[in-house]
Amino acid sequence: MPCLPLSVFFTAPCTICYNPDSTPFDKRSSLTRAVPHPATLPAACDDQDGRFATAFAVLDGAITARAFPAASIAVTHQGKLVALRAFGRFTYDSASLPATPDTLFDLASVTKVIASTTMAMILYQRGLLDLEMAVISIVGEFAGEDPRRDEVTLRMLLAHSSGLPAYEKLFLNAHARKELLGAAYATPLFQDPASHAEYSDIGFIVLGTALERLADESLDRFGQREIFGPLGMTHTTFKPSPELRPSIPPTAYDQIFRHRIIQGEVHDENASVLGGVAAHAGIFATARDVATFAHAMLQGGHPILRPETIALFTKREASPAGTSRALGWDTPSAPSQSGRYFSADSYGHLGYTGTSLWIDPQRDLSITLLTNRTWPDNKNQAIRQIRPRFHDALIEALSKNES
């Protein structure tokens, strides 16, 4: 199946990315004027079905085994889009819509790197964000009786070493954005700051407030104007418009909290109460757009980031001991969801709905895998075995062609 080339120019708002009734994008958005694509990503995947047959068979087998009903993938290698393909249907019903390369998926926690961490990187470049800033100096509501809270810095939130817990079901008692943010600010530390690495959604919710206050702009507006628009990510958005929801794979039949099928709205309950715009989850995108972002990272970040900023944020932190975390990003550990072949300089992130992005500067490689593995519920964990097998098969195929 051939893949379509990325456009060099786009000239008008896309209904996916601009909807005045659903997502209040800034009128200055880059999507309202012609903007050249920063670095064209040539399509070179006419032979993908033969070249990556083993890797694609991994995903076909996963769908047959009901690890997830739908998937969309994009692979960039040496400056080219070498694979762009979709698999399966929206649900396990044979009458449901087939996934296509243009299908939007709920990226879940991949939001943390594409939106939130990138926003932090841009603010850092502009001198507006100091990694050693105390969180309470920006988010005064984070202060409390525990004196350790005064020690928590923005670096710790990004590196998941703040001492905050991984996850709390704040949505059970907080029914509006203001209430949930207040609950996040007041969440007790369960470890000393900088002593342990603990992946934390709560930390990123707090980080989101800090970023918005430093930028004096909401995360979705900033993301559209400063990240998605300049990179030509025309199918990336928070809060897809209601008319688009039927064309997005459902992620859950929520029988506990929202009591409906979750389709075209954020899967994460805390992000839902936050209105669908959150630093830890909320972005919807196509695999092609995620690959566009990855390509920009591999090309040095132009036009939104500098190479030295990327190097700083994607380098594994020296402490706490044993951490695999960089700033916002994760790095390969043993065993890794990235598989066996990604280099030590690689960085990536996973999303709860079954999404992932891994980038290897040494190989000039990125692999995007989007699925809705949480359909109809979150019990199936088979993607933990499938993802690294898929990555390994892709890299083995690429290596065979290089030899």
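Keep in mind it's a predicted model, so treat the numbers as computed, not measured.

Participant: Describe the nonpolar core, and please don't skip the residues or the numbers.
Facilitator: Among the nonpolar cores identified, the biggest contains 83 residues, and Ile-114, Leu-154, Met-297 and Trp-329 are the most heavily contacted of them. Beyond its immediate stretch of four places on either side in the chain, Ile-114 contacts Leu-107, Ile-227, Phe-228, Met-233, Ile-283, Val-290 and Phe-293. The next biggest cluster of nonpolar side chains, apart from the first, holds 28 residues, and it includes Phe-68, Leu-369, Ile-383 and Phe-390.

Participant: Describe the sheet that holds strand E6 (residues 236–238), with residues and values.
Facilitator: A sheet is described by the order of its strands in space; here three strands give the open sequence E5-E9-E6, paired in antiparallel fashion. Taken across any chain shown, the strands that pair with only one partner, and hence form the sheet edges, are strand E5 (105–106) and E6. Pairing of E5 with strand E9 (residues 283–285) involves two bridges; the strand directions are antiparallel. The residue bridging Phe-105 from the neighbouring strand is Ala-285, located in E9.

Participant: For the side chain of Ser-161, give the residues involved together with the corresponding values.
Facilitator: Inspection of the secondary structure puts Ser-161 in the loop between helix H4 (154–158) and helix H5 (177–185). For Ser-161, a relative accessible area of 5% puts it in the buried group. If near-sequence neighbours (up to four positions away) are discounted, Ser-161 is found in contact with Met-156, Pro-193, Ala-194, His-196 and Pro-320.

Participant: Break down the packing of helix H3 (residues 111–125) against helix H6 (residues 201–215) for me, citing the residues and quoting the values.
Facilitator: For the pair H3 and H6, interaxial distance at closest approach is 10 Å and the crossing angle is 40 degrees. When the axes of H3 and H6 are compared, the pair comes out oblique. Classified by chirality, the crossing of H6 by H3 is left-handed. Side by side, H3 and H6 meet where Lys-112, Ser-116, Thr-117, Met-119, Ala-120 and Leu-123 of the first sit next to Asp-201, Phe-204, Leu-211, Glu-212, Leu-214 and Ala-215 of the second. For the contact of H3 with H6, a count of residues per class yields seven nonpolar, two polar and three charged.

Participant: Just give me the short version of the sheet that holds strand E4 (residues 80–88), but keep the residues and values in it.
Facilitator: The antiparallel open sheet is built from five strands, whose spatial order is E4-E3-E12-E11-E10. Two strands lie at the open edges of the sheet, namely E4 and strand E10 (347–351), each paired on one side alone. Direction aside, neighbouring strands of the sheet carry axes that sit 5 degrees apart on average. Of the strand pairs in this sheet, strand E3 (residues 70–77) and strand E12 (residues 365–371) are connected by seven bridges, and their pairing is antiparallel. If you follow Val-75 over to E12, its bridge partner there is Ile-367. Against the sheet, helix H11 (residues 383–402) contacts E3, E4, E10, strand E11 (355–360) and E12, and its axis sits at roughly 145 degrees relative to E12.

Participant: Can you lay out the packing of H5 against H6 for me, pointing to particular residues and giving the numbers?
Facilitator: Viewed as axis vectors pointing N to C, H5 and H6 meet at an angle of 115 degrees, and their least axial separation amounts to 9 Å. As the angle between them shows, H5 and H6 are arranged roughly perpendicular. Taken as a pair, H5 and H6 cross one another with a handedness that is left-handed. Residues Arg-177, Leu-180, Leu-181, Ala-184 and Tyr-185 of H5 touch H6, and the partners they reach there are Ile-202, Ile-205, Val-206, Thr-209, Glu-212 and Arg-213.

Participant: Any chance you could break down the environment of Arg-316 for me, citing the residues and the numbers?
Facilitator: Along the polypeptide, Arg-316 turns up in the loop between helix H10 (307–314) and E10. Residues Arg-316 and Ala-326, spaced 10 residues apart in sequence, show a C-alpha to C-alpha distance of 4.2 Å. Look past the residues within four positions of Arg-316 in its chain and what remains in contact with it is Thr-323, Ser-324, Arg-325, Ala-326, Thr-331, Pro-332 and Ser-333. Reaching out from Arg-316, the side chain makes a polar contact with the side chain of Thr-331 at a distance of 2.8 Å.

Participant: So what about helix H2 (residues 53–64)? Which residues, and what values?
Facilitator: Between its first and last C-alpha atoms H2 spans 16 Å; for 12 residues at 1.5 Å apiece the expected length is 16 Å, and the two agree. Residues of H2 that are buried: Ala-55, Phe-56, Val-58, Leu-59, Ala-62 and Ile-63. One face of H2 carries all of its buried residues, which in axial projection span an arc of 145 degrees. Among the exposed residues of H2, those pointing more than 90 degrees away from its buried face are Thr-54 and Thr-64. On its buried side, H2 packs onto helix H1 (48–51), E3, E4, E12 and H11.

Parameters and conventions
- Residues numbered from 1 in each chain as written.
- Predicted model: local features only at pLDDT ≥ 70, side-chain atom pairs only at ≥ 80, totals over all residues.
- Heavy atoms only, no water.
- Core = buried A, V, L, I, M, F, W, Y, C linked by side-chain atoms within 4.5 Å.
- Buried < 20%, exposed > 50% of the residue type's maximum accessible area, 1.4 Å probe, protein only.
- Contact = heavy atoms within 4.5 Å.
- Pairing = 2+ DSSP bridges.
- Helix = DSSP H or I, 4+ residues; strand = E, 2+ residues; numbered from the N terminus.
- Axes fitted to C-alpha atoms, helices over the stretch in contact; angles between N-to-C directions.
- Parallel < 35°, antiparallel > 145°, perpendicular 65-115°, else oblique.
- Left-handed = near helix turned anticlockwise from the far one by under 90°.
- Nonpolar A, V, L, I, M, F, W, Y, C, P; charged D, E, K, R; others polar.
- Polar contact = N/O pair within 3.5 Å; in protein donor to acceptor, adjacent residues only side chain to side chain.
- Expected span 1.5 Å × (residues − 1).
- Arc of directions from axis to C-beta.

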